[in-house]
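What the coordinates show
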Amino acid sequence: QQPVQSPQAVILREGEDAVINCSSSKALYSVHWYRQKHGEAPVFLMILLKGGEQKGHEKISASFNEKKQQSSLYLTASQLSYSGTYFCGTESRDYKLSFGAGTTVTVRA
Amino acid sequence: SQTIHQWPATLVQPVGSPLSLECTVEGTSNPNLYWYRQAAGRGLQLLFYSVGIGQISSEVPQNLSASRPQDRQFILSSKKLLLSDSGFYLCAWSVTGEAFFGQGTRLTVV
């Protein structure tokens, strides 16, 4: 079953922050975050393997609440380069990797 | 270093024609392999995944099939394409968790 992402879209000005949420109805082995630019393949940002784990990539960080089966991606002090569609991927123990519908982020100058 | 090759980059096929998309991975062994489809402006729909040669898990019952004849080769096929098969097809591999995507094939069925 696919994870559920929210919001569907967000518009930011440079320097603003945003949070993207991802939840699953099934127990999770890991949570992945990817960013896709228009017309390109998704690019890996980070993976969270343990409950409570938090990771960062530049000023993009994420947390994973294993108990609640939720993850959040935090975009801090957004830059123009952060624009794109962000996907959360949830992996089960049999290596099935399913993605949410995506959140389109637009950062404006 | 590991690389993934996916071809062709674009394809225009008539309704009812067959399809074969190939994906190969270099520089790693026994990867998990995935096929996804993305409709315009939509999310990534998992079609098939494989954890080993000859082991295919299907997520979407439709006119597509997948095969893994070699450890690092994953093939997506159809005997008769439908208009609804149009989309952006992405192959991905993973070994240690994170997945890496090929550049995709943009398929238009006319």
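A short tour of the structure in this document, coming up.

Calculation criteria
Residues numbered from 1 in each chain as written. Chains lettered and ligands numbered in written order. Predicted model: local features only at pLDDT ≥ 70, side-chain atom pairs only at ≥ 80, totals over all residues. Heavy atoms only, no water. Helix = DSSP H or I, 4+ residues; strand = E, 2+ residues; numbered from the N terminus. Rg over C-alpha atoms; globule rule 2.2 N^0.38 Å. Buried < 20%, exposed > 50% of the residue type's maximum accessible area, 1.4 Å probe, protein only. Contact = heavy atoms within 4.5 Å. Areas by Shrake-Rupley, 256 points an atom, 1.4 Å probe, with all protein chains shown as cover. Lys, Arg positive; Asp, Glu negative; His and termini not counted. Charge placed at Lys NZ, Arg CZ, Asp CG, Glu CD. Disulfide = S-S within 2.5 Å. Polar contact = N/O pair within 3.5 Å; in protein donor to acceptor, adjacent residues only side chain to side chain. Pairing = 2+ DSSP bridges.

A closer look at the overall build of chain A
Helices and strands together make up the secondary structure of chain A, namely zero helices and eleven strands. Taking 2.2 N^0.38 as the reference for a compact globule, 109 residues should give roughly 13 Å; the C-alpha atoms of chain A span a radius of gyration of 13 Å, in line with that estimate. With the principal axes as the frame, chain A shows a C-alpha extent of 40 × 30 × 20 Å. Within chain A, buried positions represent 48% of all 109 residues. Long-range contacts, defined here as pairs at least 24 residues apart, represent 53% of the contacts in chain A between residues at least 6 apart. About 5600 Å² of surface is accessible on chain A, with carbon and sulfur atoms providing 48% of the total. On chain A, the mean spot of the 12 positive side-chain charges and the mean spot of the 9 negative ones are 4 Å from each other.

Side note on the state of the cysteines
Considering all chains together, one arrives at two disulfides over all chains under this definition. Between the sulfur of cysteine 22 of chain A and that of cysteine 88 of chain A lies a disulfide, 1.8 Å long from S to S. Taken together, the residues span a long stretch of sequence, with cysteine 22 of chain A in strand 3 (residues 18-23) and cysteine 88 of chain A in strand 9 (residues 84-91) at a distance of 66 residues. Like cysteine 22 of chain A, the residue cysteine 88 of chain A is buried in the burial classification. Each disulfide pairs two cysteine sulfurs, and for cysteine 23 of chain B the partner residue is cysteine 91 of chain B, the sulfurs being separated by 2.0 Å. In this structure, the disulfide formed by cysteine 23 of chain B and cysteine 91 of chain B twists by about -75° around the S-S bond and is classed as left-handed.

Here we look at the side chain of threonine 103 of chain A
All names here are of chain A. Tracing the sequence through the fold places threonine 103 in strand 11 (residues 103-108). Classification of threonine 103 as buried rests on a relative accessible area of 0%. Within the structure, the side chain of threonine 103 is placed 3.1 Å from the side chain of glutamine 5, a separation counted as a polar contact. With residues up to four places along the chain from it excluded, the contact list for threonine 103 reads Gln5, Ser6, Pro7, Gln8, Ala9, Val10, Ile20, Gly84, Thr85 and Tyr86.

Points about the pairing of strand 11 of chain A
Residues and elements named next belong to chain A. Side chains of strand 11 alternate between two faces, with Thr103, Val105 and Val107 buried and Thr104, Thr106 and Arg108 left unburied. Pairing geometry for strand 2 (residues 9-13) and strand 11, over five bridges, is parallel. When the sheet's bridge partners are listed, isoleucine 11 is paired in strand 11 with threonine 106. Examined bridge by bridge, strand 9 and strand 11 share three bridges and lie antiparallel to one another. Across the sheet, the residue bridging to threonine 85 is threonine 104, located in strand 11.

Some details on the pairing of strand 9 (residues 87-94) of chain B
Residue and element names in this part refer to chain B. Across the eight residues of strand 9, eight count as buried, placing the element largely inside the fold. Note that strand 4 (residues 32-38) and strand 9 share seven bridges and pair antiparallel. Its bridge partner being in strand 9, leucine 33 is matched across the sheet by tryptophan 93. Note that strand 9 and strand 11 (residues 105-109) share three bridges and pair antiparallel. Following the sheet pairing, tyrosine 89 is matched in strand 11 by threonine 105. As paired strands, strand 9 and strand 10 (residues 99-101) are joined by three bridges and run antiparallel to one another. Bridge assignment links tryptophan 93 to a residue of strand 10, and that residue is phenylalanine 100. In this antiparallel pair of consecutive strands, strand 9 and strand 10, the connection spans four residues, and glycine 97 shows a positive phi of 120°.

Side note on unusual backbone geometry
Residues and elements named next belong to chain A. Note that the residue after serine 6, namely proline 7, is joined by a cis bond; omega there is -5°. Here proline 7 is to be found in the loop between strand 1 (4-6) and strand 2. If you check the backbone angles, alanine 77 has positive phi at about 50° while not being a glycine. Inspection of the secondary structure assignment puts alanine 77 in the loop between strand 8 (70-75) and strand 9.

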